[in-house]
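# Observations on chain architecture
Given next are the chains, with one letter for each unit.
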Amino acid sequence: MGLARCLAAAFLLLHLLLGLSTGQRVVTVQKGPLYRVRGSHVTLWCKVSGYQGPAQQNFQWSIYLPSAPEREVQIVSTVDPSFPYAIYTQRVRSRGIYVERVQGDAVLLHITDLQDRDAGEYECHTPSTDERYFGSYSAKTNLSVIADTLLASMVPQVLTRTEGDAVELTCEVSKSTAQHTHLSVGWYRLQGAGEHRAEEVLTLSKDFVLRPGPSYVQRFLAEDVRLNKVGNTTYKLSIGGVEPSDRGQLYCEAAEWIEDPDETWKDISRKQTGRTSLAVMSQGRDLSVDIAAAETSLSEGDTLQLNCMVGAQKSSSRHFQVLWLLNSVEVARVDPHGVLIWEDEYEERAKLGQLRAFKQSNVVYVLTIYEVELKDNGMYHCSVSEVKTPGDFHSIQTNLSSGIQVDVKPIERHMRLSVSTSTPQVMAGDALILFCEVQGASSPMSVQWWHLPPQHPGPRVPVPTMERDGTLSLGSAYQDGRTRGSLRLEKASSGAFTLVIPNTLDESDGGRYRCEATEWSRGQSWTEEGETVVTVSSIGLGLHAMLRSRIATVRYGQSFELDCQVNASYPLKEVPVLVGWLFQPSPPTGHYHELVRVLPSGTVAWGTAQPHFQAKTQLTKAPTSFRLRIHNAVAADKGTYQCEVEVWGRKSKLQVSTKESSVEIAGGADTAIECKIVFAQNNSHFTVTWYLLPPPPADANPLKIIRAHYSSILEYGAEFSSPAQKSRFLSQRVSSNIFWLRILSANPRDEGRYYCVVEEWLWLVDGWYKLGEGASGRTTLAFKLPEHELHLEKTNGSISESLAGRRPLRRPTAGDFSLTLRSVEKGDAGVYHCQVQEWQQQTEGKDRALEAQAHSGYIWLTTIPPGSQYEFLKIESTVFSRICSSPPLLNFILYLPLVLILLLALAGFCWYFKFRKSKKGNVTGDQLMELQGAGEVRKT
């Protein structure tokens with residue numbers, strides 16, 4: 001019966017895995033993780049199959065951000081216009097984000113300008129049109145946003161060559177992307193006036209294959225046109241003998257490619273260089289004219305440079321007159337003597353330095369417009385006339401002309417501004433933190449903050465201003481640092497500004513705060529603004545104390561209680577509170593005597609003026625009141641009692657930077673992980689604890705590295721307490737608000753995600769108080785190896801037999817390794833994998849250097865106790881598996897635990913099914929043993 005149930009379960013599992021059920025909805029999304037560069041146009045595809053209902057299905061896209069991975073943030077829907085959350089509404093309306101329907105059951109999500117905040121886990125959901133729910137209705141994929149590091153450059157030139165001459169052009173291309181990417185580099189040519197379609201000359205593909213353009217195939221085969229890589233970043237195009245058809249504008253284009261998980265390659269970035277103008281004079285012609293521009297598509301304020309090149313044999317002894325024309329109207333002329341004459345309409349602009357024309361040589365003439373306007377649109381011609389002698393303008397022999405179309409577009413501003421605050425409601429004395437984020441600006445900006453008080457309309461008050469060069473000035477109301485503290489306006493990135501007001505005064509500091517950002521470019525400016533609202537509550541107005549007694553008259557010997565009832569607009573448990581009880585005898589002596597003080601820590605300090613109270617007085621505390629109970633009343637207790645409640649300051653709004661980052665290092669190098677405090681009180685002390693989240697395979701608990709106490713005491717975690725680890729991991733304070741975790745001589749075992757936890761401590765009256773705590777964002781540490789690949793075989797291998805001990809580790813061949821477990825025990829359950837490293841001897845007498853490393857897959861081993869219904873799966877003897885296979889290597893270190901593979905044909909389904917039901921626990925990542933290059937086995 002047990003076997004039948006097992007087979008039935010196995011068949012059901014196989015049935016589900018192969019998707020054999022009819023009418024089962026399946027949603028598929030582009031496989032991740034995907035890496036795309038900031039600022040690029042990104043698409044994600046999603047499709048649905050096996051559905052019932054109409055052929056045109058609807059799709060909804062959401063994102064789960066790294067900062068809140070459990071919270072769904074809705075982006076865009078094909079059916080519901082109100083679906084997007086507020087942070088995406090504007091981008092969806094402006095089609096910065098939109099859905100393209102490829103067919104009825106397949107769509108593309110478009111993000112036209114990818115931003116850092118777009119990184120996360122994307123979910124594609126299809127609302128049900130089925131009669132019953134059956135199958136999957138959503139699918140997820142991860143998208144990471146990386147910096148665009150691709151660079152391509154070429155020095156612009158104006159070249160004149162005679163047919164048959166050689167030409168060489170060089171292009172510099174580089175990248176520094178952390179992910180593994182390939183480059184392609186190609187040369188292209190634009191020919192003729194107004195030509196926008198470029199012709200391919202020769203391209204080196206991402207697969208390192210040379211591909212000529214259609215017009216250059218024969219010349220490429222004859223090796224007249226060549227492309228060579230002559231350095232790490234230099235690509236050279238060589239044309240052995242130029243032809244008249246080569247004339248035009250030549251430029252280089254580089255593309256960076258990454259391989260997606262579905263094994264397709266995607267170009268994530270493309271860059272074009274400036275253009276080189278090439279004029280080719282035919283040997284059969286005595287005179288030729290060519291006009292060229294580095295760029296013919298311009299925006300207002302750009303610079304236009306036109307070059308007129310005259311091809312002529314024995315040019316130094318010949319005389320030319322050159323006319324510049326726009327839309328057949330003369331702009332300027334250069335006579336054979338080189339004298340420049342402007343037309344009236346352009347002479348004023350030339351005096352202002354906006355235009356320039358000159359004779360560079362007898363065959364090269366230049367016209368430059370430094371700040372083009374819309375009226376500069378049109379067809380430019382260069383008209384050349386040859387005269388026999390400079391003074392004889394009637395002896396014209398030849399008149400040739402060449403034209404080029406120039407398009408000037410109005411400047412389109414895409415600057416967007418958003419204002420927010422992490423402290424929308426604060427108590428007087430607390431810090432106010434405001435954020436102004438500007439996107440789409442391409443030129444330097446100035447930023448101005450204004451305060452509009454709650455009594456608005458009224459005059460707005462300037463807070464701080466940051467000029468384009470970073471100069472900071474404060475408004476008159478904020479210049480005295482003794483009132484609100486030293487204001488800070490920090491530029492966190494090119495478009496992110498943080499304003500910190502350390503100490504708010506009272507309710508008047510509430511209201512609206514406005515950020516105005518102004519972008520400056522070519523004498524013009526554009527301003528965007530935004531506001532956020534904050535509320536400031538006053539501690540003094542929000543705190544009231546009232547003293548009352550439960551009995552009106554007290555008899556001798558009777559006990560009585562006095563209640564000090566406190567009303568506050570904030571929870572008293574959030575603030576350190578001092579309570580004092582005062583007494584004035586009857587008849588009055590002129591002043592009150594202190595009976596007792598209760599400090600914030602709970603310490604009780606008794607006064608000396610009325611010592612008899614201490615022996616018979618009891619103090620108690622409730623959430624909103626303080627009670628004084630006096631036993632056995634006597635005549636000396638007669639008088640007036642008073643309570644005083646004093647607040648020593650609210651808890652600080654500690655702010656720790658939560659920005660995610662990554663660090664890539666080479667073997668043996670030192671590195672530092674940063675922990676930045678955005679805001680804390682000026683007199684605070686900090687305790688910083690560093691943690692490491694190891695890499696997968698499981699959700700391992702964070703490992704404590706080091707705790708640096710505010711009193712300078714260091715405390716290391718258990719895994720980092722050895723002398724070797726203590727010497728490599730150091731906590732360092734580099735400024736008032738920045739701490740570093742320094743890792744010396746880093747190695748691959750240090751990979752993982754690091755973060756800090758900051759505790760804020762403050763000395764108040766009678767001791768240290770912990771005011772707050774905050775965790776930083778994760779910094780991923782990756783190990784960079786030389787570009788040398790090492791591959792491990794992922795498939796199951798053959799089984800070898802050996803009984804030489806409980807954990808024998810063998811290397812049967814140069815590229816194979818095997819681990820044997822004998823007499824499997826309950827404690828062997830867990831996840832196994834192997835890691836192989838290749839080491840290379842650099843030079844004689846030097847240490848070996850790490851060349852490459854690779855991981856195998858992960859395998860869970862589940863042990864089944866005797867006597868269960870799966871007893872026929874009991875592992876009674878040795879389980880063998882050769883699981884780690886690689887190409888022949890030089891030297892290895894094999895780190896374990898190794899993957900164990902259970903190869904049971906029929907029982908495989910039942911074992912997997914059982915594993916899925918009984919999976920539990922965290923992975924500890926214990927290292928079993930190590931096999932070094934010489935064959936020595938070291939157990940751990």
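Before reading on, note that the structure itself is shown above.
First, a word on what this report is: a plain description of the structure on this page.

Conventions we followed
Residues numbered from 1 in each chain as written. Predicted model: local features only at pLDDT ≥ 70, side-chain atom pairs only at ≥ 80, totals over all residues. Heavy atoms only, no water. Helix = DSSP H or I, 4+ residues; strand = E, 2+ residues; numbered from the N terminus. Buried < 20%, exposed > 50% of the residue type's maximum accessible area, 1.4 Å probe, protein only. Contact = heavy atoms within 4.5 Å. Areas by Shrake-Rupley, 256 points an atom, 1.4 Å probe, with all protein chains shown as cover. Phe/Tyr/Trp six-rings, centres within 6.5 Å; stacked < 30°, edge-to-face > 60°. Lys NZ or Arg CZ within 6 Å of the ring centre and 35° of its normal. Pairing = 2+ DSSP bridges. Axes fitted to C-alpha atoms, helices over the stretch in contact; angles between N-to-C directions. Salt bridge = Lys/Arg side-chain N within 4 Å of Asp/Glu carboxyl O. Arc of directions from axis to C-beta.

Looking only at helices and strands, the protein chain has seven helices and 69 strands in total. When the 940 residues of the protein chain are sorted by exposure, 44% land in the buried category. By sequence separation, contacts in the protein chain at least 24 residues apart represent 61% of the contacts at least 6 residues apart. Total accessible area on the protein chain stands at roughly 48,000 Å², and carbon and sulfur atoms take up 50% of it.

So, about the packing of aromatic side chains. Considering all chains together, one arrives at 10 aromatic pairs under this definition. Measuring from centroid to centroid gives 5.8 Å for tyrosine 188 and tyrosine 251, while their planes differ by 20°, and the two rings are stacked. Of the two residues, tyrosine 188 sits in strand β13 (residues 181–190) while tyrosine 251 sits in strand β18 (residues 248–259), which places them 63 residues apart along the sequence. Using a relative accessible area of 17% as the deciding quantity, one classes tyrosine 188 as buried. Ring centres of tyrosine 710 and tryptophan 761 lie 5.2 Å apart, and the angle between their planes is 45°; on these two criteria the pair is classed as tilted. With tyrosine 710 in the loop between β53 (703–708) and β54 (714–716) and tryptophan 761 in strand β57 (residues 752–764), this pair connects stretches of sequence that are 51 residues apart. Residue tryptophan 761 is classed as buried on the basis of its relative accessible area of 16%. Within the aromatic cluster, the residues linked to one another by ring pairs are Phe560, Phe583, Phe613 and Tyr641. When the ring centre of tryptophan 257 is taken as origin, the NZ or CZ atom of lysine 206, which lies over that ring, is 4.8 Å away. Positioned above the aromatic ring of phenylalanine 358 is the side chain of arginine 356, whose terminal nitrogen or guanidinium carbon lies 4.3 Å from the ring centre.

In this chain, glycine 32 is followed by proline 33 through a cis amide linkage whose omega measures 5°. By the element assignment, proline 33 lies in the loop between β1 (26–29) and β2 (34–37). With an omega of 0°, the peptide bond running from serine 586 to proline 587 counts as cis. With a phi close to 70°, serine 328 is a non-glycine residue in the positive phi region. Along the chain, serine 328 turns up in the loop between β24 (319–326) and β25 (329–334).

Time to look at the sheet that holds strand β43 (residues 577–585). What the four strands build is an open sheet, ordered β45-β44-β43-β48; its pairing is antiparallel. Two strands bound the open sheet, and with one partner strand each, they are β45 (604–606) and β48 (639–647). The average angle at which neighbouring strand axes cross in this sheet is 15°, direction not considered. Relative to β48, β43 runs antiparallel, the two sharing nine bridges. Bridge pairing in β48 places proline 585 opposite glycine 639.

Pairing is possible between side chains of opposite charge, provided their charged atoms come close. One pass over the structure, following the stated rule, counts 36 salt bridges. Between lysine 206 and aspartate 207 there is a salt bridge; the shortest N-O distance is 3.7 Å. Of the charged contacts, one joins arginine 270 and glutamate 253 as a salt bridge, the two residues approaching to 2.9 Å between their closest N and O atoms. Of this pair, arginine 270 sits in strand β19 (residues 265–272) while glutamate 253 sits in strand β18, and the two are 17 residues apart along the sequence.

Moving on to helix α2 (residues 86–93). Every buried residue of α2 is accounted for by Tyr88, Arg91 and Val92. Burial along α2 is one-sided: seen end-on, the buried residues are contained in an arc of 100°. Across from the buried face of α2, at angles greater than 90 degrees, the exposed residues are Ala86, Gln90 and Arg93. Downstream of α2 by one or two residues, arginine 95 has phi in the positive range, about 60°.

With that settled, the discussion passes to the pairing of strand β28 (residues 364–369). Of all the six residues making up β28, six are buried; the element is thus mostly covered by neighbouring parts of the structure. Both faces of β28 are covered, namely the face carrying Val364, Val366 and Thr368 and the face carrying Tyr365, Leu367 and Ile369. Two elements, strand β23 (residues 304–312) and β28, share six bridges in a ladder whose sense is antiparallel. What sits directly across from asparagine 307, in β28, is valine 366. Bridge count between strand β27 (residues 355–359) and β28: five bridges; the pairing is antiparallel. Paired with lysine 359 across the strands is tyrosine 365, a residue of β28. Linking two consecutive strands that pair antiparallel, namely β27 and β28, is a turn of four residues.

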